[in-house]
Amino acid sequence: MINPKHIGLYRDDGLAGIPGSGPPVEQKRKQVCKIFQSFGLKVTTETNLKQTDFLDIFFDLNSKTFKPFRKANDSPCYINVDSNHPRMIKHNLPQMIANRISRLSSSKEIFDQEIPTYKHALETAGHTKNIEFQDIPRNNRNRARNILWFNPPYSETVKTNVGAKFLALVDKHFKNSPLGRYFNRRTVKVSYSCLPNIASIISGHNRKVISQHNQTQASQQQKCNC
């Protein structure tokens, strides 16, 4: 019906590129809706679009271009340079943003049009490193390697190099063992995880308490026989 190579899916969002227009495309839309209905599901679809957004990218078939997409009133916000995050993450954040916006821009001209908003967000967070357009190959497909990740929580108050200690233990216990081919520095990697800040923890706790309180009130109202 539709070439799977021309379909993009992420959770409950999907986008398909279908050649042609008019009645043939509308017929495919009805076929998709009928498939969903056969499983007792509903789906909202639109067809014959020349411009549309999908996740964080906006496509324009008329000009054959694409650019970053943000919802209305959605301003980017990045971690502050003084936050409790690994130094490498804070140091490389401007470069990561430059790479991402470059990938989402079909040309340097579009990149230059879109980047001021992201530059302002980085400067607000204290990042002073300039970001420029990166000419990144888009068809670079590397063979995926099975990697086992160790993700210890990061904190600047911890002085021990947890990652180095962990990899040293991998070398010590697996290097000359039959399991060495499965557990080594090529198959086991370390990446620190960042815990939520205090505001997020308090907010989550409050939501939990309020939810429990509302459930208690609802159960008491159901038991009431006034």
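Everything below is about the structure printed above this text.
A brief report on the enclosed structure follows. (Residues numbered from 1 in each chain as written. Predicted model: local features only at pLDDT ≥ 70, side-chain atom pairs only at ≥ 80, totals over all residues. Heavy atoms only, no water.)

**Description of the packing of aromatic side chains**
Taken as a whole, this structure holds 5 aromatic pairs when the rule is applied. Between F59 and F66, the aromatic rings sit 6.4 Å apart at their centres with planes inclined by 55°, giving tilted as the arrangement. Residue classification places F59 among the partly exposed positions, given a relative accessible area of 28%. Plain terms: the ring middles of F174 and F183 are 5.0 Å apart, the flat faces sit at 35° to each other, and that makes the pair tilted. (Phe/Tyr/Trp six-rings, centres within 6.5 Å; stacked < 30°, edge-to-face > 60°. Buried < 20%, exposed > 50% of the residue type's maximum accessible area, 1.4 Å probe, protein only.)

**Brief notes about the pairing of strand β4 (residues 57-60)**
Across 4 bridges, the pairing between strand β3 (residues 51-54) and β4 is antiparallel. Along β4, the bridge assignment pairs Q51 with D60. The pairing of β4 with strand β5 (residues 65-68) spans 4 bridges and is antiparallel. Of the residues in β5, the one forming a bridge with F59 is F66. The antiparallel pairing of β4 with β5 creates a hairpin that spans 4 residues between the two strands, and K64 there sits at a positive phi of about 55°. (Pairing = 2+ DSSP bridges. Helix = DSSP H or I, 4+ residues; strand = E, 2+ residues; numbered from the N terminus.)

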